[in-house]
Amino acid sequence: MITSFDAPPAARPLLPMLAARLTVLLDDAAAHIDRGQSVNAFRLLGAPLSALWAEARGSSRTDEALALVRAHRLFALVRQDPYTERAATKPRGYAGDAVMMDYVYRGQAPEGTSALGREIMAATTRSPMGLSVLYRRVLLRSLIDDVAASIDGGRILSVASGHCRELEGSLVMSPLFQGEFVALDQDPLSCAEVSRCTAGHRVRVVQQGVRELLARPVDGGEGLGCFDLVYSAGLYDYLPEVLARRLTARLLQMLRPGGRLLLANFVPTGSGRGYMEMFMDWPLIVRNEVAFREMAVAAGAGSVSSFHDPHRNVVYIELGAGQTGRSEVPA
Ligand SMILES: C[S@@+](CC[C@H](N)C(=O)[O-])C[C@H]1O[C@@H](n2cnc3c(N)ncnc32)[C@H](O)[C@@H]1O
């Protein structure tokens, strides 16, 4: 719950300094936007805002910091940006829906967006966090193409596919691909968009949540079978540890021999975390490289390699199945 910043408890002496630094930063960013320099405003905000937010979290001052931000004129200004606005209002019940992701992929503002909103959107969707999302799509498309080009009848599974924009321009959309691509997502509207965009191609859309995936057998009539490539981008950032481990164990079971499982997670030190949480109300379950690798090992991965994206916002782990090829799903 947000409490008023007007009456900070006397036993919390750090808050006034934090508030002063936060106010200077927000004033400065708003002044840049006033001068038509939105990109500079967000350059200015990025890391310092995340650092102040980390300080607020570390000293249990998040409510006070949020109240200050929400009362500042910058908060109303940036809500003209459809990307920020959609995250904050959550029309599908959660931030980071596939429509929001399209704002990053396409960079196109919806009709009715003000000129200032368009300018701010150009800055927010091309911040380093946005660039990390764009990089992720390029990486996924390369992995998809690798399977399509090298494995006859290759099978690929995207878990929490959203609109699956990485398929655009991929070999899955060409006659070369004679395998099967399965796009799985819980959101019926996102599934409908994937069906529309991939009609006539070897893409199967499965509207299913991960809990249902876990409840079904791998093989047999109800199961999805096994794959040469399984990946999930933009999902683990929402999964608590036990569910992340259970899902990873299940996805490992769904690999064909020699198959690859690629998972992505935003890291705690991501440069845009402050803005996302304070202005967009978009908290993520972040993991650093060590924690993400440990989760994978606990899930039974036989091999784990990991790397960061060029923007240092996302950690990737690539997993192979355990020795038996089939690991048990931990309780
Ligand atoms: C941030 S988007 C990522 C979409 C896409 N993978 C991408 O990278 O653009 C998150 C997606 O996860 C889906 N999702 C969230 N929780 C899910 C769950 N429990 N089961 C299946 N899909 C889920 C949402 O519907 C949404 O499409």
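About the criteria used
- Residues numbered from 1 in each chain as written.
- Predicted model: local features only at pLDDT ≥ 70, side-chain atom pairs only at ≥ 80, totals over all residues.
- Near = placed C-beta within 6 Å.
- Nonpolar A, V, L, I, M, F, W, Y, C, P; charged D, E, K, R; others polar.
- Domains from an automatic or database assignment.
- Contact = placed C-beta atoms within 7 Å.
- Helix = DSSP H or I, 4+ residues; strand = E, 2+ residues; numbered from the N terminus.
- Buried ≥ 20, exposed ≤ 12 C-beta atoms within 10 Å, placed from the backbone.
- Pairing = 2+ DSSP bridges.
- Right-handed = clockwise from strand over helix to strand, strands pointing away.
- pLDDT = per-residue confidence, 0-100.

**Student:** Explain the site of the ligand here, please?
**Tutor:** Looking at the ligand, there are 17 residues lining it, with A160, G162, Q186, D187 and G234 nearest. In terms of residue class, the shell around the ligand is made up of seven nonpolar, seven polar and three charged. Three or more residues apiece are contributed to the shell around the ligand by two domains, here domain 1 (15-127) and domain 2 (129-320).

**Student:** Got a minute to help me understand the domain arrangement of the protein in this structure?
**Tutor:** When the parts come together, some accessible area is lost, and that loss is often what is quoted as the size of the interface. On domain assignment, one finds that the protein holds domain 1 (15-127) and domain 2 (129-320). In this structure, domain 1 and domain 2 have C-alpha centres spaced 28 Å apart. Taken together, the 28 residues of domain 1 in the interface contact 24 residues of domain 2. Secondary-structure elements contributing two or more residues to the side of domain 1 that touches domain 2 are α2 (38-58), α3 (62-71), α4 (73-78), α5 (82-89) and α6 (98-106). Sort the elements by how many residues they give to the side of domain 1 that touches domain 2 and α2 lands first, with seven residues.

**Student:** Please explain the pairing of strand β2 (residues 180-185) as it appears in this structure.
**Tutor:** Most of β2 sits inside the fold, with five of its six residues counted as buried. In the sheet, strand β1 (residues 155-159) pairs with β2 via five bridges, with the strands oriented parallel. For L157, the partnering residue across the bridge sits in β2 and is V182. On the question of chirality, the crossover connecting β2 to the parallel strand β3 (residues 203-207) by way of helix α9 (residues 188-198) is right-handed.

**Student:** In this structure, what is going on with unusual backbone geometry? I would like to understand it.
**Tutor:** Most peptide bonds take the trans form, and the phi angle of most residues other than glycine is negative. Despite not being glycine, K90 has its phi angle at roughly 50°, a positive value. Of the residues examined, K90 has 15 C-beta atoms within 10 Å and is grouped as partly exposed. Residue C164 is not a glycine yet carries a positive backbone phi of 55°. Relative to the assigned elements, C164 resides in the loop between β1 and β2.

**Student:** For this particular structure, what's the right way to read the confidence of the model for the protein?
**Tutor:** A low pLDDT means the predicted coordinates there should not be read in detail. A residue-level look at the protein finds 92% of positions with pLDDT of 70 or above and a mean pLDDT of 91. Below a pLDDT of 50 lies the segment residues 1-11, which in the model reaches 14 contacts outside its immediate sequence neighbourhood of four places, other chains included. Note that pLDDT drops below 50 for residues 323-331; the model gives that stretch 21 contacts with residues more than four away or on any other chain.

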